[in-house]
Amino acid sequence: MIKTIHNVAGMAAGKGAQAAPQVAAAREAWRRNEELLEALDTSPGGLDEERIAGRLDRDGVNEVSHEKPPHWSLQLLHAFKNPFIIVLLVLAGVQLATDPDDLAGPTIIAVMVFISAVLSFTQEFRSSRAAEKLKAMVRNTATATRRASDGHSERIEVPVAELVAGDIVHLGAGDMVPADLRLLHAKDLFISQAILTGESLPVEKAAPGARDTAAGAQANPLDLSSVCYMGTNVVSGSATAVVVATGARTYLGSLARSLAGERVQTSFDRGVKSVSWLLIRFMLVMVPVVLGIQWYKQGFWEALLFALSVAVGLTPEMLPLIVTANLGKGAIAMSRRKVVVKRLNAIQNFGAMDVLCTDKTGTLTLDRIVLERHLDLDGEESDEALEYGYLNSHFQTGLKNLMDKAVLAHRDLEPLAARYRVVDEIPFDFQRRRMSVVLGDGEGEHLLVCKGAVEEMLSICAFARQDGVEMPMTEGRRAAIRAITRRLNEDGLRVLVVAIKRQPPVDHAYGIADEAGLVAVGCLAFLDPPKDSAGVAIAALHHHGVAVKVVTGDNEAVTRKICREVGLDVEHSAQGRDIEPLDDAALDALVARTTVFAKMSPLQKARVVKSLQRQGHTVGFLGDGINDAPALREADVGISVDTATDIAKESADIILLEKNLMVLEEGVLEGRVTFGNIVKYIKMTASSNFGNVLSMLIASLFLPFVPLLPLQILVLNLLYDISQLSIPFDRMDEDYLRKPRKWDASDIGRFMLWIGPSSSVFDITTFALLWFVFGANAPEHQALFQSGWFIESLLTQTLVVHMIRTRKIPFLQSAAAAPVLGLTTAIIVIGGLIPFTAIGTKLGMVEMPAAFFGWLALTVLAYCALTQAVKVLYMRRYGRWL
C-alpha cells in the first residue's frame, strides 16, 4: 500500500483543497488541547480498556483499504474467468447446438472446466491465505499512554491496528505515524510527507500555540503544522499527540479506498502476460487456417468444432494456476528459512538480484555494540567523557540506538543521573548527526550535554578541556583530536565526541542554535565485531552471482576495517561528500568500481541504488533504519528485518526474521527455484502447444479425415495439463541457481520455434507409420489413426517436461523431483490405457495392436535424442536454456 500511494503522491496533493471537508484531523487543527481532549472524551492519562473496546466496536480496526484476498465466492467466480474456460464453454455451446442428443462432449468439457476452475481456485485461495499469514508475522506497533485496570497510566507498545480515536501516542525518530494525529506537544519535530505529497524534504510540525487561530482552516490539510497524517514518518524530533481519526476516516484511508489494488506491473507480470498473448495471437493465425482447410473437406460445423478444439490446445490455460502455485509455494518455503514475503511477485526480483547493497551494523557485525573505551582529548582513559555521555543517553526521549544502550549498560552511574532533571532536548537528525539534552542541577544552572559524530561535533566546539582546563579549540587541537579518532577507527572502533555547555536558564525553548560554543570533554569508542558467518555468507552470495556493496552512514575507516575482515574488496571506497557533486554519468562510473560507501545520507543511498539500476543491475537493498527508507523504496527488492523501524518495514518487499546474510542467501536461492519452475512451465507449454498445432495443420492438409476428434484433443490437453501440476515441486540444477535470472520475454518465441518442431518431426513419422504400416489410410480406419497419434502425442508431450526442465541429459545427469516423476508416469500410463477402455470407445478410439508399441518405443528414443541434440545446438547459439 505504501508504494502504491507513493506513486500517486502528486494526485493526492492536488486533491488537498477538495478533500479538506472530509479530513477529521484538519477540523481539529487549532482547537485548544483541553477542548480537544474533552471532545474526544480522553485525557493525558489515556483511555481505559472499556472505552477502547467500545471504540474498536464502533470504528473498527485502524487499517486502511489495501489488497486483501476477496471472499472465497468471488475467488471461485474469478477462477472461471480465463481464456481456456471461455473457449471451452463456447465449444460446449456449439456442440449442444449442433447435436443436442449427444451429451458426451459437453459432459467431458464440463469436467475439464470444473477441474481447471477448482484447481485454480484452491491454489489461489491457499496461496492468498498463506501470504496473509506471512504478512501477519510482521507487525507494527505504536507507543501509547493507556490506563491499566487499576487506574494508573503507563506507556505501552500497542499494535497499530488496535489504536482508537482518543488514544494518546508518543512519536520519536524512525516511527511511522500510526493514525491521523493532532499534536499536543512537540519538540523539533520533522515529518516526511513524501508518501502523500511526493516532496522529499521533511516539514516541521508543532503543537498549536496560544496565539494560533483557525485562520488556516481552509488551507490544504497537508500544510497544517499541528496535524500528522497516517503513513507519514518521523525524521527527527519527538512529540505527544492524540488520535483524531483511524482507518478509513484518515486522510490516507480516503485515498486508499480509491487506490487499493492498483500497482505498477513488474517485468515479471508483463512477461507472463506477453507469453499468454503470444500464444493467443498465434492461435488467431493458426485456427482460421485449420478452419478453412477442414471446412473445405468436411463442412462448416465439423470444421468449427475441430478448429475450436485446436484453439483450446494452444491456450495457456494452466498458466495462472502454475504461476500462483509456484509463488505461493516459494513464499511458504522462504518463510521456513526466516524470510517473510510481503509481495509475492517480489520473489522473482529476489532471484534476479545481482547486486546487494547492505548496511554494516548487524549485517556484517554482531549488532552487539559494547563501549570499549572512554577517553579524554589526549587519548587517555577518562571517566568524565563516560559520565557526560551517560547523562546524554539516559535523559534523551527519542529513539535510543545501540550505542546509547551500550553507554546505559554502565548502571553504576545511575546515582549520578538522579542528581539531575531534564529541562529540554534537541533531538537527533541525520543532517546534524548529534543530539543534546538540557539538564537542571538544582543550583540554578542549565547543563547542555551534546553527543555526536566527530566532524559534526568539532564544528560546534569553541573550547577543549585538557587536564581539567578549558582552552580555545584551535585548528591544531582539532587536528590532534581527528588523529586520535582516526586511529580508533582504524582499529574498528566507532567514535562519538562528547561536549558540554553550562549557562544560566533561558526563557525560551532550546533549539539547534544553542548548540554553539561548546566545550569538548572527550570521546566514547564502541566496538561492534564482525560476525563469524558474514565472510561465509558473502562468499556464498558471490558464488551465486550476487555482488555485495556496503552502503552505510558510519565512519569510512571503521567500515573499511570490518569489510576487509569479512572478505570484501576495500580497494575503492567513497564517502557521501564524494558523490554529492557528481552528475549521473560520473556517479555511474564511481559506483561501478566502488564496494564501500560510508557517511552516506538517506538520499545519497537512494542515488547509489538508482545508479546501479541505470547500469542494468537488479538491486536489492537491506536496511533497517529510517535513513534507509528512500533506498528501500528505490530498490528492485527492498529487504528489511523484523526489528527495523516502522518506516523501513513498510518500505520493504521482504522481511528477514533474522538479520543474517546466510538467511538472505538461502532466500535468494529459493527465489531462483521459484522463478525457474515458472519459466519451465512457460517454455514447455509454448513449445509443446506450438508443435502440436503445427502437426495438426500438416495433418489437416493431407489427411482425408481429422487427425484427432475435438473431444480427443480436449482430453489430450487435459491430461497434459495435469502432468504439469507437479512442476512447482520440482528442483533446479545447481548450475541454474549459480547465476541471477532475469525475465527475457524475447527468449520465449525463439525457444518455441526451435523446440516445437522437434515433436512435429516425430508426429509426422507417426502419421507415416500409421498410414503405411498399419493401414489407417481411409476414413473408415480413422479411429485407429487417431488412437495411435493420441498415445504418441501424449507420450512425447509428457516427456518434454523432462527434456526441458534441465539443460543436462534427463534421467541420467539430472532427475526430476519425485512428484514430477510420479505424476508424469501416471499420465503416460493412463494415456496408453485409454484406447483399451470404455472411455476410449466413447471418445471414438480403438485398441492398438501390440506391434505399435514397439514402433512407439523407437519413436520416443529417437525423439529424446533429437530434442537433446537441438538443446545442445540452442545452448551453443544463445548461451542459455531456461
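Residues numbered from 1 in each chain as written. Predicted model: local features only at pLDDT ≥ 70, side-chain atom pairs only at ≥ 80, totals over all residues. Heavy atoms only, no water.

### Observations regarding the pairing of strand β16 (residues 493-503)
Burial runs high along β16: ten of the eleven residues are buried. Pairing of strand β13 (residues 446-452) with β16, which is carried by seven bridges, proceeds in the antiparallel orientation. Bridging from a neighbouring strand, Lys451 pairs with Val498 of β16. (Buried < 20%, exposed > 50% of the residue type's maximum accessible area, 1.4 Å probe, protein only. Helix = DSSP H or I, 4+ residues; strand = E, 2+ residues; numbered from the N terminus. Pairing = 2+ DSSP bridges.)

### Observations concerning the pairing of strand β22 (residues 637-641)
Summarising burial for β22: five of the five residues are buried, a large majority. What you see with β22 is no split at all: Val637, Ile639 and Val641 on one side and Gly638 and Ser640 on the other are buried throughout. Across three bridges, the pairing between strand β21 (residues 619-622) and β22 is parallel. Residue pairing across strands places Leu622 opposite Ile639, the latter belonging to β22. Sheet analysis places β22 next to strand β23 (residues 654-656), joined by three bridges and oriented parallel. Bridge pairing links Val641 to Leu656 in β23.

### Points about the packing of helix α32 (residues 782-804) against helix α35 (residues 850-878)
Packing of α32 against α35 leaves a shortest axis separation of 10 Å and a crossing angle of 35°. Here α32 runs over α35; the crossing is right-handed. Along the contact surface, α32 presents Gly788, Ile791, Glu792, Leu795, Thr796, Leu799, Val800 and Met803, while α35 presents Phe852, Phe853, Leu856, Thr859, Val860, Tyr863, Cys864, Thr867, Gln868 and Lys871. Classifying every residue of the contact of α32 with α35 gives eleven nonpolar, five polar and two charged. (Axes fitted to C-alpha atoms, helices over the stretch in contact; angles between N-to-C directions. Left-handed = near helix turned anticlockwise from the far one by under 90°. Contact = heavy atoms within 4.5 Å. Nonpolar A, V, L, I, M, F, W, Y, C, P; charged D, E, K, R; others polar.)

### Quick word on the sheet that holds β23
The eight strands are arranged β8-β23-β22-β21-β9-β18-β20-β19 in an open sheet whose pairing can be described as mixed. The open sheet has two edge strands with one neighbour each: β8 (339-341) and β19 (573-575). For this sheet, the mean inter-axis angle between neighbouring strands, taken without regard to orientation, is 20°. Alignment of strand β18 (residues 547-551) against strand β20 (residues 596-598), held across two bridges, turns out to be parallel. Along β20, the bridge assignment pairs Val551 with Phe597. Docked against the sheet, helix α22 (residues 556-565) engages β18, β19 and β20, running at close to 150° with respect to β20.

### Re the pattern of salt bridges
Inspection of every chain in the model, using the stated rule, returns 32 salt bridges. Of the charged contacts, one joins Asp48 and Arg51 as a salt bridge, the two residues approaching to 3.6 Å between their closest N and O atoms. In this structure, Lys683 engages Asp747 in a salt bridge whose closest nitrogen and oxygen atoms are separated by 2.4 Å. Of this pair, Lys683 sits in helix α28 (residues 661-702) while Asp747 is found in helix α31 (residues 746-773), placing the two residues 64 residues apart along the sequence. Judged by its relative accessible area of 0%, Asp747 is buried. (Salt bridge = Lys/Arg side-chain N within 4 Å of Asp/Glu carboxyl O.)

### Concerning helix α25 (residues 602-614)
For α25, which comprises 13 residues, the first-to-last C-alpha distance of 19 Å matches the rise-based estimate of 18 Å (1.5 Å per residue) to within 8%. Listed as buried for α25 are Pro602, Gln604, Lys605, Ala606, Val608, Val609, Ser611 and Leu612. Where α25 ends, the next residue or the one after it, Gly616, has phi of about 90°, a positive value. (Expected span 1.5 Å × (residues − 1).)

### Overview of the environment of Ser276
One can find Ser276 in helix α12 (residues 267-298). Through-space distance from the C-alpha of Ser276 to that of Leu314 is 9.8 Å; in sequence the pair is 38 residues apart.

### Concerning the side chain of Thr674
Mapped onto the elements of the fold, Thr674 is located in helix α28. Thr674 sits in the buried class, given a relative accessible area of 3%. If sequence neighbours within four positions are ignored, Thr674 has contacts with Asn326, Leu327, Gly330 and Ile347.

### A short note on the nonpolar core
If you look at the biggest cluster of nonpolar residues, it comprises 158 residues, and the most contacted ones within it are Phe350, Leu364 and Ile639. With sequence-adjacent residues up to four places away left out, Ile639 is seen in contact with Phe350, Met353, Leu356, Phe621, Leu622, Gly623, Leu632, Ala652, Ile654, Leu656 and Leu664. (Core = buried A, V, L, I, M, F, W, Y, C linked by side-chain atoms within 4.5 Å.)

### Concerning the environment of Ser640
Tracing the backbone through its elements, the reader meets Ser640 in strand β22. Remark: the alpha-carbon pair of Ser640 and Gly625, spanning 15 residues in sequence, is separated by 8.9 Å. The residues contacting Ser640, other than those within four sequence positions of it, are Leu622, Gly623, Asp624, Ala648, Lys649, Ala652, Ile654, Ile655 and Leu656.

### With respect to the packing of aromatic side chains
The description of two aromatic rings rests on the distance between their centres and on the angle between their planes. Taken as a whole, this structure holds 15 aromatic pairs when the rule is applied. Ring centres of Phe751 and Tyr874 lie 5.6 Å apart, and the angle between their planes is 80°; on these two criteria the pair is classed as edge-to-face. Of the two residues, Phe751 sits in helix α31 while Tyr874 sits in helix α35, which places them 123 residues apart along the sequence. Here the two residues Phe751 and Tyr874 agree in accessibility, since each one is buried. Ring centres 5.5 Å apart and planes at 80° place the aromatic pair Trp754 and Tyr874 in the edge-to-face group. Within this pair, whereas Trp754 is found in helix α31, its partner Tyr874 is found in helix α35, the two being separated by 120 residues in sequence. The rings of Phe751, Trp754, Tyr874, Tyr878 and Trp881 are connected pair by pair, giving a single aromatic cluster. Just above the ring of Tyr736 sits the side chain of Arg741; from NZ or CZ to the centre is 4.3 Å. Sitting above the plane of the Tyr878 ring, Arg750 keeps its charged end 4.1 Å from the centroid. (Phe/Tyr/Trp six-rings, centres within 6.5 Å; stacked < 30°, edge-to-face > 60°. Lys NZ or Arg CZ within 6 Å of the ring centre and 35° of its normal.)

### Description of the confidence of the model for the protein chain
Looking at the protein chain, pLDDT values average 84 and 90% of them are 70 or higher. Here helix α3 (residues 16-19) stands out as the least confident element of the protein chain, with mean pLDDT 35; β13 is the most confident, with 96. In the model, residues 1-21 has pLDDT below 50 throughout and makes 48 contacts with residues more than four positions away in sequence or in other chains. Note that residues 258-264 has pLDDT below 50 and, in this model, 13 contacts with residues that lie over four places away or in other chains. (pLDDT = per-residue confidence, 0-100.)

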